[in-house]
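Structure assessment
Residues per chain, in single letters:
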Amino acid sequence: MRLTPLALAAGLAFVGAGVRAQAPDAPAENGPPSPPQLIPDRKLQPAPGGEAGRRLPIVLRANEIRARPNLDAVAEGDAEFRRGGTVIQSDRLSYDQAEDLAVARGHVRIEREGSVYWGPELQLRVQRFEGFFLEPEFELLQFGSGGRADRIDFLDSSRAQLKNALYTSCPRDGGAEPAWVLEAREVRMDFDANEGVAEGAVLRFLGTPILAGPEISFPLTDERKSGWLPPSIGLDSRSGLELTVPYYWNIAPNRDATIAPWLSTRRGLGVQSQFRYLEPSLGGTLDLDLLPNDRVAGRSRSAWHWQHEGRLGSSATYAADLRRVSDDGWWKDFPDTRRSLTPRLLSSAADVEQPLRLGDAEGLAYLRVQRWQVLQDSDQRVFSPYQRSPQTGVRLGGSAAGLDYSAETEFNRFTLPSGEDDGTRLTGDRVHLLASVAHRFGAPGWWLEPRLALNAAGYRTDQRMADGDRSASRSVPTFSLDFGVELERETSGFGRALRQTLEPRLLYVRTPYEKQSDLPNFDSFGKDFNFQSIYSPNVFSGVDRVSDANQLTAGVTSRVVDAGNGKELFRLGVVQRYLFTDQRVTLQADGTPDGQTYDRRFSDVLLLGSTSLLPSWTLDGTVQYSPEISRTVRSVVGARYSPGPFRTISTTYRFARGLSEQVEVGWQWPLWGRVPTATDRGARSGVAAAAGAGSCSGTWYGVGRFNYSMRDSRITDSILGVEYDAGCWIGRFVAERLSTGRSEATTRLMFQLELVGLSRLGSNPLGVLKDNIPGYTLLREDRRDPISSAE
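Attention here is on the structure that accompanies the text. (Residues numbered from 1 in each chain as written. Predicted model: local features only at pLDDT ≥ 70, side-chain atom pairs only at ≥ 80, totals over all residues. Heavy atoms only, no water.)

For D562, the position within the fold is in strand β38 (residues 549-562). D562 sits in the buried class, given a relative accessible area of 11%. Once residues lying within four places of it in the same chain are set aside, the contact partners of D562 are R496, A497, L498, K567 and L569. (Helix = DSSP H or I, 4+ residues; strand = E, 2+ residues; numbered from the N terminus. Buried < 20%, exposed > 50% of the residue type's maximum accessible area, 1.4 Å probe, protein only. Contact = heavy atoms within 4.5 Å.)

In this section: the layout of surface pockets. Computed from the structure, the second largest pocket encloses a volume of approximately 1100 Å³. Taken together, 30 residues line the second largest pocket, and the ones lying closest to its centre are K527, F529, L587, Q588 and Q624. Looking at the lining of the second largest pocket, the elements that each hand over two or more residues are β39 (568-579), β41 (617-626) and β42 (631-644). Partitioned by chemical class, the residues of the lining of the second largest pocket number 11 nonpolar, 11 polar and eight charged. (1 Å grid on protein atoms, 1.4 Å probe; cavity = no way out; pocket = protein on both sides within 12 Å on 5 of 7 lines; lining within 4 Å. Points joined across faces, edges and corners; volume = space filled by probe spheres on them. Nonpolar A, V, L, I, M, F, W, Y, C, P; charged D, E, K, R; others polar.)

In this section: unusual backbone geometry. Negative phi values dominate among residues other than glycine, just as trans dominates among peptide bonds. Residue P390 is bonded to the preceding S389 through a cis peptide linkage, with omega at 5 degrees. Considering the arrangement of structural elements, one finds P390 in strand β28 (residues 387-400). For N164, which is not a glycine, the phi torsion comes out positive at approximately 50 degrees. Looking at the secondary structure, you find N164 in strand β13 (residues 159-168). On the basis of relative accessible area, N164 is assigned to the partly exposed category, the value being 42%.

Okay, the nonpolar core next. Generally speaking, nonpolar side chains in soluble globular proteins are found buried as a group. I88, L122, W180, W729 and L755 are the most contacted members of the largest nonpolar core, which totals 48 residues. Of the residues forming this core, the biggest block, five residues, is contributed by strand β14 (residues 180-190). If we skip the residues at most four places from it in the chain, L755 touches W180, L203, F205, C728, W729 and L761. (Core = buried A, V, L, I, M, F, W, Y, C linked by side-chain atoms within 4.5 Å.)

Evaluation of the coordinates by the stated rule reveals one disulfide. The disulfide partner of C170 is C728, and the S-S distance across this bridge is 1.8 Å. Taking the sign of the S-S torsion, 80 degrees for the link of C170 and C728, the bridge is right-handed. Here C728 lies in the loop between β46 (714-725) and β47 (729-739) and C170 lies in the loop between β13 and β14, a separation of 558 residues in the sequence. (Disulfide = S-S within 2.5 Å.)

Per the counting criterion, the structure on display carries 59 salt bridges. Its salt-bridge partner being R151, residue D153 comes within 2.8 Å of it at the nearest N-O pair. We classify D153 as buried; its relative accessible area is 17%. R151 gets classed as partly exposed once you look at its relative accessible area, which sits at 30%. In this structure, a network of salt bridges that share partners links the residues R238, R267, D294, R299, R301, D327 and D333. (Salt bridge = Lys/Arg side-chain N within 4 Å of Asp/Glu carboxyl O.)

In short, the description is geometric, and any link to function would need to be established separately.
Structure follows, in structure tokens:
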């Protein structure tokens, strides 16, 4: 079994990073500066070996020294021996120069490369690092941990053997047993092979054995090593109790695999696997999940995801991102597997790209293919996007004679996924050209940019279009004039120097009307109405629809900035659009093209505001206000209160008239117990942990997030959990509820035991907490092994 991160072995054999002093923190507003802290520094180099090491000077100090030059010496009373990075202290120490043998007895203490050892007797050939240490105890400053052994035998500088070893990051003072301890009858370490082997190993937590093995193999450094990883246990409302036991296979320096047998009490036995590879000109990852006999579904099930990218020749590149699942119900039954932003729309795409340079113009030639797997459900059907089979084109852009220009020409073959073609949607080919030319006038404080753009497209469809034809074309030009001013002034307030800006902007757009409702719509959809899109010449994304326009957009933004550090303290903005003529190429209520003529002269008003002026508070919001009905159409308002580490509460209110109204609340907050300060966490050596690491007198934290639909009067997605930090171990229990339909949800229970300086056992809720709780902070620095601990 592999225990991460390196913990046990790294320290037991005098290996660790150097330690350097960190400058004190800045003084607190009403208190003294924090004391200096010792932190690991992996960049410090070890002392030289071989002949260079023999030439290093020896420093010997004591109350009494008897020496024969070039032969030997005996030091008594607070004796101290120094050579390179090795320091030996004891009551009595003798050194034989010919044998390079140091013998120390009585309160022996060694400091070497960030580790401290002490015990009654040491014999050591210093340069070759051969010898033994009787009944040593040790502290590893790098990992905040330590332990003891009956005896350490140093075979050479890279190999060691320990008898009856104990390892923990909990306090070992007094007679009480540490909260957690790893014991082994014998530990053998080979740093050249990056391998440690513990025989008769037992991991105890609160006096109870929780893991044991006749022989446990583990890595000694951050380098990868084959072996079993800690098991994961979870509880799922759809799958029951789940147990996953991953095995890591270090195939080669550039290839590895993780194979994880998975057992569900309801569904049966399956396997999750991942294969990674990296070559000089290519690399990728293949994930494969198999469930040969799902007892709940009554069939075999699977999912796979392949990501690959590479280089062709000196500049061309290619990539593939392919995924597939066996059935429509996969996203409901396994909602956390390979998380996706669109769990019911699985994209598979491949492309080849070649950078281009034509004179002063730079660009790209490309060939792409994209397919979709749509996971339909009787509760709510999904509208499938078009597939591109293929998409190929060229893009160019540059500057010449003071003009900025760009051009894109592209061919697309649009099809629908298998089973999604109901005969009501057109399929076919499209060739388009997008081009623009602009010139920017201006100086510091203002700009004026006229632009001329062209959107031309030709179509050939497999079915007849609305007008009965199977081919058509159209060409729509657009002229725009963008003008802006940036004004600023120095001021003061709130006890500090400030800089205030005033930034008005005008955008005029003129696009002639051209009828497009008879043409196919393969990729156009209405843009969201916000501060970015309102300054766009076209209300549609994609190519197939171009809105006619004779309009002026006017807005102004004002910001207040701290003149000392440049931090934005306050922002306020307002913008509105005015139509000189009716708009005929418009949106429908659902955002799709070809709506009714739009004859309102003034658009809705957009208001934006944000501030961090209040200590520990961040407030922001956007409001879409309709002058026509004198009411708010949409709004998003959020607030976050973060007075210190591990203390954050955030809330967001989202409103869309006639569609939805939701409140989201997230938090991480101490429930009871003293919260360790940054000084506590930085200054402790690990074995003297804050908050009583050897007992149950640590700190409890509440964590969670929930979305409440005011329209439906129900909680949709939610997370609720507690974390307990005992200093040398952390316990987490998290419940997550994911909505998978109007009346369906999946509930998961995740629990984890983190033994600080050793490993994390159980399921892993950290990814869920970091992804869903704004401002969530890890209770301990994340020392993840890059292979074994995927969030």
